[in-house]
Amino acid sequence: APVAKPLPGYAGWKKADALIVHSSTTIETRRGAFGTSVITPSDQLYVRNNLPTPPESIVADRDAWQLQVEGVRQPRSLSLRELKSLGLETVAMVLQCSGNGRAFFPSKPSGTAWTVGAAGCVIWSGVPVREVVKALGGVSDGGLYMTGTGGEVLPAGLDPKSVIVERSVPLSAMEDALLAWEMNGEPIPLAHGGPLRLIVPGYTGVNNIKYIKQLAFTPRESEAHIMSHGYRISPPGSKGDPSQPSVQEMSVKSWINSPLPEDGGQAAGLVQIHGVAFGGMDAVKGVEVSTDGGKSWQAARLVGPDLGKYAWRQFVLQARLPKGTHVLASRATDARGRVQPETRGENQSGYNNTSWADHAVTVTVA
Ligand code: MSS
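## Overview of the sheet that holds strand S3 (residues 47–48)
Taken in spatial order, the three strands line up as S1-S2-S3 in an open sheet, and their pairing is antiparallel. For this open sheet the edge positions go to strand S1 (19–23) and S3, each flanked by a neighbour on one side alone. As defined by bridge partners, S1 adjoins strand S2 (residues 26–29) across four bridges and the pair is classed as antiparallel. From the neighbouring strand, Ile20 faces S2, where its bridge partner is Glu28.

## Some remarks on the nonpolar core
Among the nonpolar cores identified, the biggest contains 43 residues, and Val129, Met146, Leu179 and Leu198 are the most heavily contacted of them. Beyond its immediate chain neighbours, meaning those up to four positions away, Val129 contacts Met146, Met174, Ala177, Leu178, Leu179, Leu198, Leu215 and Phe217. The next biggest cluster of nonpolar side chains, apart from the first, holds 19 residues, and it includes Ile256, Val287, Phe315 and Val361.

## Thoughts on the site of the ligand
Near the ligand there are 22 residues, and of these Asn50, Cys97, Ser98, Glu152 and Lys210 occur at the shortest range. One of the backbone N or O atoms of Val206 is found 3.1 Å from an oxygen atom in the ligand. In the model, a nitrogen atom of the ligand is placed 2.9 Å from a nitrogen or oxygen of the Asn208 main chain.

## Let's talk about the packing of aromatic side chains
Tallied over the entire structure, the rule returns eight aromatic pairs. Judged by centre distance (6.1 Å) and plane angle (55°), the ring pair of Phe34 and Trp255 falls under tilted. Remark: Trp255 occurs in strand S14 (residues 253–258) and Phe34 occurs in the loop between S2 and S3; sequence separation between them is 221 residues. You can call Phe34 buried: its relative accessible area is 8%. The structure contains a cluster of three or more aromatic residues connected by ring pairs, namely Phe34, Trp255, Phe278 and Trp312. Lying over the aromatic face of Trp297, Arg331 brings its terminal NZ or CZ to 4.2 Å of the ring centre. Residue placement shows Arg344 over the ring face of Phe105; its charged tip is 5.6 Å from the ring centre.

## Things to note about unusual backbone geometry
The residue after Gly194, namely Pro195, is reached through a cis peptide bond having omega 10°. In this structure, Pro195 sits in the loop between strand S11 (186–187) and strand S12 (197–199). With an omega dihedral of -5°, the bond running from Ser258 to Pro259 counts as a cis peptide bond. The backbone of Asn352 shows a phi angle near 50°, a positive value even though the residue is not glycine. Position of Asn352 relative to the elements: it lies in the loop between strand S20 (324–334) and strand S21 (361–365). According to the relative accessible area criterion, Asn352 is partly exposed, its value standing at 31%.

## As for the sheet that holds strand S18 (residues 301–303)
Pairing between the strands of a sheet comes from backbone hydrogen bonds, and it takes one of two forms, parallel or antiparallel. Strand order in this open sheet of four strands is S14-S15-S19-S18, and the pairing throughout is antiparallel. Edge positions in the open sheet fall to S14 and S18, since each of these has one partner strand only. Across this sheet, the average inter-strand angle for adjacent strands is 35°, counted without regard to direction. Pairing of strand S15 (residues 269–278) with strand S19 (residues 313–321), which is carried by nine bridges, proceeds in the antiparallel orientation. Bridging from a neighbouring strand, Val271 pairs with Ala319 of S19.

Criteria and cut-off values
- Residues numbered from 1 in each chain as written.
- Predicted model: local features only at pLDDT ≥ 70, side-chain atom pairs only at ≥ 80, totals over all residues.
- Heavy atoms only, no water.
- Pairing = 2+ DSSP bridges.
- Helix = DSSP H or I, 4+ residues; strand = E, 2+ residues; numbered from the N terminus.
- Core = buried A, V, L, I, M, F, W, Y, C linked by side-chain atoms within 4.5 Å.
- Buried < 20%, exposed > 50% of the residue type's maximum accessible area, 1.4 Å probe, protein only.
- Contact = heavy atoms within 4.5 Å.
- Near = heavy atom within 4 Å.
- Polar contact = N/O pair within 3.5 Å; in protein donor to acceptor, adjacent residues only side chain to side chain.
- Phe/Tyr/Trp six-rings, centres within 6.5 Å; stacked < 30°, edge-to-face > 60°.
- Lys NZ or Arg CZ within 6 Å of the ring centre and 35° of its normal.
- Axes fitted to C-alpha atoms, helices over the stretch in contact; angles between N-to-C directions.

Shown next, in the form of structure tokens:
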């Protein structure tokens with residue numbers, strides 16, 4: 001059996017048995033570890049870093065962290081201390097890597113083979129970006145994108161554009177965006193972007209810039225490689241380029257977290273089939289569960305608190321499973337009536353997999 005990799009130092013405080021360490025910069029939550037309490041505990045939340053993690057020293061004096069704001073009428077640098085005086089909001093949100101579900105692509109795209117665990121539902125607190133913009137006189141004319149830049153020290157000897165984590169989202173995403181300093185009731189851990197992180201609810205993970213050092217309102221998208229060529233939905237066999245859609249808004253998705261084949265020996269009889277469902281930009285309206293691989297569906301019940309449209313909902317279907325092998329699947333519908341699709345959208349890098357068939361689980365009942 002393969003030897004489990006140890007947690008890297010910056011994530012050493014995490015709960016090792018709830019996680020799969022793919023590499024020192026990619027750590028996934030085990031499917032069986034999600035539980036049923038809506039919020040993903042910080043010590044079980046996945047990690048994805050595109051660059052080496054900055055040193056702990058950046059969270060030594062959190063309030064002194066500086067954010068440069070550009071593309072507003074009065075551009076300037078603000079400390080986290082100042083940002084805290086400008087506004088306060090809290091949002092519960094699904095943070096999900098663009099590549100979550102990549103492992104289910106038969107083409108085996110390069111990149112981390114995440115199954116379901118590059119996602120979590122977390123609570124962020126911070127100042128609304130629109131309040132910061134208001135305090136600085138509003139967005140300058142021609143600002144069409146909100147561009148966030150990560151505060152990593154870049155490896156020497158490389159063209160900064162080729163490695164810097166800098167992403168642009170449409171200006172409309174500013175409406176619900178936060179500059180957050182707190183996650184699940186604590187200052188944001190370094191592993192998750194402390195001292196300050198840009199939170200763009202409903203958008204895939206990569207758009208939520210950790211240790212943000214600059215926020216700019218720009219007439220064009222960033223020319224950083226991670227924006228122009230990386231994270232593009234490109235047809236199988238082709239490379240990403242700026243003409244192809246970027247990973248941005250998430251769409252309706254769900255999966256079952258219990259029972260799982262790895263639980264082993266599910267007893268025949270009453271079973272609580274449960275999992276998570278989210279709409280991305282819209283709330284979840286309902287979830288159906290199938291115990292016959294999608295031939296027939298029954299309405300599941302949403303359980304637990306509703307933390308708003310950007311959070312996930314927990315669902316459960318109580319079923320009687322006889323002895324034998326059963327293919328369990330879930331299919332969510334969002335508030336606008338859009339149904340989670342059966343098939344994935346094929347693309348070169350394995351992004352945005354929402355296929356219910358890919359996320360189905362086969363369990364044997366004894
Ligand atoms: N930010 C920064 N600064 N850096 C990096 O690297 N990454 C991304 C985000 N942000 C980064 C950032 C990604 S890519 C993701 S997913 C996310 O983040 C994650 O998070 P966590 O906290 O979990 O780690 Mo894919 O789409």
